Amino acid sequence: MKKFFCFGAMICLLCGCSSIPREREVTVADVDITGLLKDHVKVVDGTYMFTNDGRKASISVKLELVNQPSVEYHLDSYPTIRLNAIGEHGEVFDSGVYGFSASDDEFSKIEDLLTGDVGASKMISFTWKYFGQDKELGKKIFTKGTSFELIDKGFEYGEPEYDSDISTSSSPSNTSGSSNWDKVLDEYENYIDQYIALYKKAQNGDISAMSDYAKMLEKAESYTEKLSQAEGSMSASQMSRYVKLTGKLSSAFTE
């Protein structure tokens, strides 16, 4: 029996029993979109194709403008538009922050679409650069995926809330802290988590992760500028949280 099991396992390997299909076709209608985009664009109903080369995966989706924004909006602090595959029974195959997402160039297409004419459309590509590092999830997507959803973490209505408080940070009325500093710290913590995840991928030999460092460094400069104005305007608890977050970032490089 033992010899038979080994022989069967060898056949399985030779036949590629555990291999992941290179393509997965999905036909969608009324795709769910979150965030600001849900009010202004739709995914054109139709058939789309997930593809992968074993290292990265992608899918191109056609977005159509159905309602041009009539109120002010701005980019999130770390703007991104993500895509999650969905299974037949509604299960979401969430590939996470570094999963299927629009690159800077693709994101720019969405920005252009929002300022275009109603009825205009653009093909937007979503790429999962680290597909090869999670074969289990990848296999689920390419064998069970039947649809997808879009997660808008790129746009928000109104003006950035922290701007007004930062510009008046020297005012005594702000010495008790501000809920807007809490927002900045939330964004800073999210940035730190993303940076640490990227750093660990690079440490594990993922050369492609290095290409994202430039963007992350730009965000670091942005937060340095914002938080350098925090002295005297954060509350004691906010400043304590800031110190802990900075320590979290530093300790990640010494583990």
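Coordinates for the structure precede this section.
Below is a short write-up of the structure. (Residues numbered from 1 in each chain as written. Predicted model: local features only at pLDDT ≥ 70, side-chain atom pairs only at ≥ 80, totals over all residues. Heavy atoms only, no water.)

1. Overview of the overall build of the protein chain
Right, on to step 1. Counting its secondary structure elements, the protein chain contains 7 helices and 8 strands.
Right, on to step 2. Taken over 255 residues, the protein chain has a buried fraction of 40%.
Right, on to step 3. In the protein chain, the proportion of contacts linking residues at least 24 apart, taken out of those at least 6 apart, comes to 77%.
Right, on to step 4. By element, 52% of the accessible surface of the protein chain is carried by carbon and sulfur atoms, the whole surface being about 14100 Å². (Helix = DSSP H or I, 4+ residues; strand = E, 2+ residues; numbered from the N terminus. Buried < 20%, exposed > 50% of the residue type's maximum accessible area, 1.4 Å probe, protein only. Contact = heavy atoms within 4.5 Å. Areas by Shrake-Rupley, 256 points an atom, 1.4 Å probe, with all protein chains shown as cover.)

2. Observations concerning the packing of aromatic side chains
How two aromatic rings sit relative to each other is given by the distance of their centres and the angle of their planes.
Right, on to step 1. In total, this model carries 11 aromatic pairs according to the counting rule given.
Right, on to step 2. When the ring of Tyr48 is compared with that of Phe148, the centres are 5.9 Å apart and the planes differ by 70°; the resulting orientation is edge-to-face. Here Phe148 lies in strand E8 (residues 145-157) and Tyr48 lies in strand E3 (residues 46-52), a separation of 100 residues in the sequence.
Right, on to step 3. Since its relative accessible area comes to 8%, Tyr48 is described here as buried.
Right, on to step 4. By relative accessible area, which is 1% here, Phe148 ends up buried.
Right, on to step 5. Chaining the aromatic ring pairs together yields one cluster made of Phe50, Phe100, Trp128, Phe131 and Phe142. (Phe/Tyr/Trp six-rings, centres within 6.5 Å; stacked < 30°, edge-to-face > 60°.)

3. Notes on the pairing of strand E4 (residues 57-65)
Right, on to step 1. Alternating residues of E4 divide into Ala57, Ile59, Val61, Leu63 and Leu65, all buried, and Ser58, Ser60, Lys62 and Glu64, none buried.
Right, on to step 2. Across 3 bridges, the pairing between strand E2 (residues 41-43) and E4 is antiparallel. Each bridged residue has a counterpart across the sheet, and for Val43 the counterpart in E4 is Leu63.
Right, on to step 3. Where E3 lies against E4, 2 bridges are found, and the strand directions are antiparallel. The residue bridging Thr51 from the neighbouring strand is Ser58, located in E4.
Right, on to step 4. Remark: 4 residues form the turn of the hairpin made by E3 and E4, two consecutive strands paired antiparallel; Gly54 in that turn has positive phi of roughly 95°. (Pairing = 2+ DSSP bridges.)

4. A short note on the pattern of salt bridges
Right, on to step 1. In the structure shown here, the tally under the stated rule is 6 salt bridges.
Right, on to step 2. The shortest N-O distance in the salt bridge between Glu106 and Lys109 comes to 3.3 Å. Of this pair, Glu106 and Lys109 both sit in helix H2 (residues 104-114), separated by 3 residues, roughly a single helical turn.
Right, on to step 3. Residue Arg241 is joined to Asp186 by a salt bridge in which the shortest nitrogen-to-oxygen separation is 2.7 Å. Of this pair, Arg241 sits in helix H7 (residues 236-252) while Asp186 sits in helix H5 (residues 179-203), and the two are 55 residues apart along the sequence.
Right, on to step 4. By relative accessible area, which is 43% here, Asp186 ends up partly exposed. (Salt bridge = Lys/Arg side-chain N within 4 Å of Asp/Glu carboxyl O.)

5. Let's talk about unusual backbone geometry
Right, on to step 1. Of note, the phi angle at Asp30 is positive, near 55°, even though the residue is not glycine.
Right, on to step 2. Mapped onto the fold, Asp30 is located in the loop between strand E1 (23-28) and E2.
Right, on to step 3. Under the relative-accessibility criterion, Asp30 is labelled exposed at 66%.

6. Some details on the nonpolar core
Right, on to step 1. Counting residues in hydrophobic clusters, the biggest one holds 55 residues, and the most contacted among them are Val43, Phe50, Phe126 and Phe148.
Right, on to step 2. No other element matches H5, which puts 9 residues into this core.
Right, on to step 3. Not counting the four nearest positions on each side in its chain, Val43 is found in contact with Val28, Val31, Ile33, Tyr48, Val61, Lys62, Leu63, Phe148 and Leu150. (Core = buried A, V, L, I, M, F, W, Y, C linked by side-chain atoms within 4.5 Å.)

7. Brief notes about the pairing of E3
Right, on to step 1. Sheet analysis places E1 next to E3, joined by 6 bridges and oriented antiparallel. Considered in E3, the bridge of Val28 is made with Gly46.

8. Some details on the environment of Gly54
Right, on to step 1. Inspection of the secondary structure puts Gly54 in the loop between E3 and E4.
Right, on to step 2. If near-sequence neighbours (up to four positions away) are discounted, Gly54 is found in contact with Arg22, Phe131, Gly132 and Lys135.

9. Notes on the environment of Glu25
Right, on to step 1. Looking at the element boundaries, Glu25 is found in strand E1.
Right, on to step 2. Residue Glu25 is classed as exposed on the basis of its relative accessible area of 53%.
Right, on to step 3. Spatially, the C-alpha atom of Glu25 lies 6.3 Å from that of Phe50, the residues being 25 residues apart in sequence.
Right, on to step 4. Filtering out sequence-adjacent residues up to four positions away, Glu25 remains in contact with Thr47, Tyr48 and Met49.

10. A look at H2
Right, on to step 1. Of the positions making up H2, those classed as buried are Glu106, Phe107, Ile110, Leu113 and Leu114. The buried residues of H2 occupy an angular sector of 110° when the element is viewed end-on, so they sit on one face. (Arc of directions from axis to C-beta.)

Bear in mind that shape data such as this cannot, by itself, settle questions of function.
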